[in-house]
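# Commentary on secondary and tertiary structure
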Amino acid sequence: MQLTGAEIVMRCLQEEKVDHVFGYPGGSVLHIYDELFKQDKVKHILVRHEQAAVHAADAYSRSSNKVGVALVTSGPGVTNAVTGIATAYCDSIPLVVLTGQVPTYYIGQDAFQECDTVGITRPCVKHNFLVKDVKDLAITLKKAFYLAKTGRPGPVLVDIPKDVSAAKCDFHYPKEITIRSYNPVVKGHSGQIKKAVKLLLEAKRPMIYTGGGVILSDASDKLIKLVRTLGFPITQTLMGLGGYPATDKQNLGMLGMHGTYEANMAMQHCDVLLAIGARFDDRVIGNPDNFGSIPRKIIHVDIDPSSISKRVKVDVPIVGHVPDVLAELLALLEEGQAKPDAKHLAAWWKDIGEWRSKDCLKFPQGDDVIMPQFVVQKLYEVTGGDAFVTSDVGQHQMFAAQYYGFDKPRRWINSGGLGTMGVGLPYAMGVKFANPEATVACVTGEASIQMCIQELSTCKQFRLPLKIINLNNRYLGMVRQWQEMFHGNRYAESYLDSLPDFVKLAESYGHIGMRIEKPADVEPALREAFTKHKNDLVFMDFITDQKANVFPMVAAGKGLSEMILAEDL
Amino acid sequence: MRHIISILIENEAGALSRVAGLFSARGYNIETLTVAPTEDSSLSRMTIVTNGSDDVIEQITKQLNKLVDVVKVVDLSEAPHVERELMLVKVRAAGKDREEMKRMADIFRGRIIDVTETTYVIELTGTSSKLDSFIEALDKALILETVRTGVSGIGRGDRILKI
Ligand SMILES: Cc1ncc(C[n+]2csc(CCOP(=O)(O)OP(=O)(O)O)c2C)c(N)n1
């Protein structure tokens, strides 16, 4: 039997076991929406802006390890989606983005709602396709899902002209696919892994540094085993939080620009560094020349060869799928039965203990003004440390990363690479669809939340009982912090005047709004929101200290040990 | 340092823009780029001449390999290879210059492939530096137009780039 292109799209989604598609309709995708309407296997989530569709699909994937799917129309639908696609690309999130296109016979004629989708998105996708013939549609979709989730994951876009979704052909969905030009390495080089084991066992001051790759590849269990077997200290990047339990004593917390004193000091003073699924980016190692000037041996495990020796020279590169490489490392360690030198390791832990005793995350909480850190601490307590937490971008994001200890992977959902304000609320929606039973909190700022505030309407439609924790400092806080520290307190355009009444705003969307102004009210309000209003969306507007800053801080371009600590000020 | 990178890439619409986009997005430099289908029409072969430190060249090859359409990448300059570039030069060839132009073309083993009463088109193949030398040797005032293909390269002997 022959199927139309639109029917083929639906069948492919079903074959891929896609249960949710986030999207927004328009002329060029109407055939596809018509087919969505006629079936009930794939649920469509109507957002209020295409950017949010992609963010939601992205978080759906981040919190579940399924491929996220978004569907948008041509032209403005696509350009609205670009921020979402670029955000997912920077954090290597597997997505399939389906876009409508004007009919093939109009392409290139500046037709209504035509844009060069493949051209616009090329630099921010893993790969993209324009399907010109309905006969290529099924195989292209198969390729798209395969590319999105294998190797280093990423968003893949499939552009479908309107005449292609209307045309008919036989349907066959291939079970397997190979692409001759695409063969990601999976198995790490055994010789290199042996070298790594030797280095690790000889280390006097070893350190393990892990990133988003551990989360994306579901390698947490193996990582925990490895770290415990070795007894080494470990730190995670912003993207790696939850890959190793925050509450474990071997964990030094996050490193980098706003990392802990102990993590950054250990990075600078270690003699052997094992980097796993992380990419030594500027927010993590600070100045690469400074970082590289310190003699230490580096072992780097990553699925993407181009991440290795990109910013930092590596001594033992291991290209491979993280869990497989970790399994091999563990097997070698068990087989060899050699143990790291206990004496040296004890001395190293003593150094770390001293760094830790600085207690770099302490902050003053008085009786009058709510400190943003305090809200996150209380959020942690009230949710038992077991919520899914999304965030936007700014100080609140760093506070959430620093003060909400993530013990499990895929619980901390934020835009690390692109740093996109506006992701928080759509991220929370995506998480909730992927994990309907979970407690989901969105830690945001009064500026960020306004970038996708329209999604409160989507939340109403789908009755999503999210908890929005708005750390309202009336400033573009992170911008203001930089202006305070590096621009002589000239707060150019970082004050947010004319804020809406968030309580009324939430209520107008049919949600519950709360304003919390006193430190003593923080915990009771949170308890009320998470228990009494468990099944409602609660917008909690916390009026926080206006000038709180995020510390420790490594200024841009500085070395990791050149930290500014709260106590120095 | 100068490197010649050979790429086998799927002969798909947009494949060239992926490569060109990669170079511009990451700030790599392209001195010349040539591309044409191979004997297997599903594949194109591209030759790129670029410049950069060893680290940059390593990144270029890794990033090229990461492109989904790219089948194979080889840095030809790592081992013995031959490279050739084709140039067409239109020169003024009237009066006493006519004989001189023919002589120059002969010295450089060029061929005159178009003749009018006042002009020649000279075809010259060789390494880029040979083509440069030819231009140098000509009287600038007589050069009307030049066009070069950019470098094509191939490994010597057993070095074969094929799938
Ligand atoms: C889309 C976008 N525009 C601009 C920025 C730059 N930026 C980073 S943090 C920030 C301020 C965020 O303010 P708010 O959401 O109130 O959070 P706070 O820092 O106050 O916690 C800005 C403007 C960005 N990251 N993303």
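Just so it is clear, the structure is predicted and the values come from calculations on it, not from any experiment.

All names here are of chain A. On inspection of all chains with the given rule, the structure shows 0 disulfides over all chains. Counting only cysteine sulfurs, cysteine 124 is the nearest neighbor of cysteine 90, a cysteine outside any disulfide, at a range of 8.4 Å. Distance from the sulfur of cysteine 169, which forms no disulfide, to the nearest cysteine sulfur (cysteine 12) is 9.8 Å. Exposure remark for cysteine 169: the relative accessible area of 7% places this residue in the buried category.

Moving on, we come to the domain arrangement of chain A. Residues and elements named next belong to chain A. For chain A, the domain assignment lists domain 1 (2-170), domain 2 (190-356) and domain 3 (372-550). Contact residues are listed per partner, giving 26 residues for domain 1 and 27 residues for domain 3. Each partner contributes to the roughly 2000 Å² buried at the junction of domain 1 and domain 3, and carbon and sulfur atoms together form 63% of this total. Ranking the residues of domain 1 by area buried against domain 3 places Arg48, Arg62 and Ser63 at the top, with a combined share of 30%. Remark: the boundary between domain 1 and domain 3 carries 0 salt bridges. For the pair domain 1 and domain 3, the interface holds 13 residue pairs in polar contact (both at pLDDT 80 or more). Mapped onto the side of domain 1 that touches domain 3, the elements with two or more residues apiece are β2 (20-23), β3 (43-46), α3 (50-62) and α4 (76-90).

Below, the discussion takes up the interface of chain B and chain A. On the side of chain A, 16 residues touch chain B, which itself brings 19 residues to the contact. Each partner contributes to the roughly 1500 Å² buried at the junction of chain B and chain A, and carbon and sulfur atoms together form 45% of this total. Note that lysine 66 of chain B and aspartate 304 of chain A form a salt bridge whose closest N and O atoms lie 2.8 Å from each other. Here chain B and chain A share 12 residue pairs in polar contact (both at pLDDT 80 or more) between them.

Here the focus is unusual backbone geometry. All names here are of chain A. The omega angle of the peptide bond from phenylalanine 551 to proline 552 is -5°, so this bond is cis rather than trans. The residue glutamine 113 is not glycine, and still its phi comes out positive at about 60°. Backbone geometry places phenylalanine 280, a non-glycine residue, at a positive phi of 50°.

Residues and elements named next belong to chain A. Structurally, glutamine 461 can be placed in helix α19 (residues 455-461). Linking glutamine 461 and isoleucine 294, residues 167 residues apart in sequence, is a C-alpha distance of 55 Å. For glutamine 461, the residues in contact, after removing those within four places along its chain, are Leu46 and Arg48.

Let's shift gears to the site of the ligand. Residues and elements named next belong to chain A. Neighbouring residues of the ligand: 17 residues in total, closest Gln395, Gly419, Ser448, Gly477 and Met478. Measuring from an oxygen atom of the ligand, one finds a side-chain N or O atom of histidine 396 at 2.9 Å. Within the side chain of serine 448, an N or O atom sits 2.7 Å from an oxygen atom of the ligand. Coverage of the ligand by the protein chains reaches 76% of its 590 Å² of free accessible surface. For the shell around the ligand, the secondary-structure elements that each account for two or more residues are α17 (395-403) and α20 (477-486). Sorting elements by how many residues they give to the shell around the ligand places α20 first, with 3 residues. Split into classes, the residues belonging to the shell around the ligand amount to 8 nonpolar, 8 polar and 1 charged.

What counts and how
Residue positions are given per chain, counted from 1 along the sequence in the order it is written. Written order decides the labels, with chains lettered from A and ligands numbered from 1. Thresholds applied to this predicted model are a pLDDT of at least 70 for local features of residues and 80 or more for the giving and counting of side-chain atom pairs; totals over whole chains, interfaces and linings are not thresholded and use all residues. With hydrogens and water stripped out, all remaining heavy atoms of the structure feed into the side-chain values. Note on terminology: disulfide denotes any pair of cysteine sulfur atoms within 2.5 Å. Summary of the burial criterion: residues with accessible area below 20% of their type's maximum are buried, those above 50% are exposed, and those between are partly exposed, where the area comes from a 1.4 Å probe applied to protein chains only. For the domains described, the bounds stem from an automatic or database domain assignment. Contacts are assigned to residue pairs with any non-hydrogen atoms lying within 4.5 Å of each other. Buried area is calculated as the accessible area (1.4 Å probe) missing from two parts once they are joined, with the contributions of both summed. Here, a salt bridge means any side-chain nitrogen of Lys or Arg that lies within 4 Å of a carboxyl oxygen of Asp or Glu. Polar contact is the term for a pair of N or O atoms within 3.5 Å; when the atoms are in protein, one must be able to donate a hydrogen and the other to accept it, and sequence-neighboring residues count only if both atoms are side-chain atoms. Note on conventions: DSSP H or I runs of at least 4 residues are helices, E runs of at least 2 residues are strands, and numbering of each starts at the N terminus. Whether a residue is near a molecule or strand is decided by its heavy atoms; if any one of them lies within 4 Å of it, the residue is near. Computed with the Shrake-Rupley method and a 1.4 Å probe, the accessible areas treat only the protein chains shown as cover for residues. Put simply, Ala, Val, Leu, Ile, Met, Phe, Trp, Tyr, Cys and Pro go in the nonpolar bin, Asp, Glu, Lys and Arg in the charged bin, and everything else, Gly too, in the polar bin.

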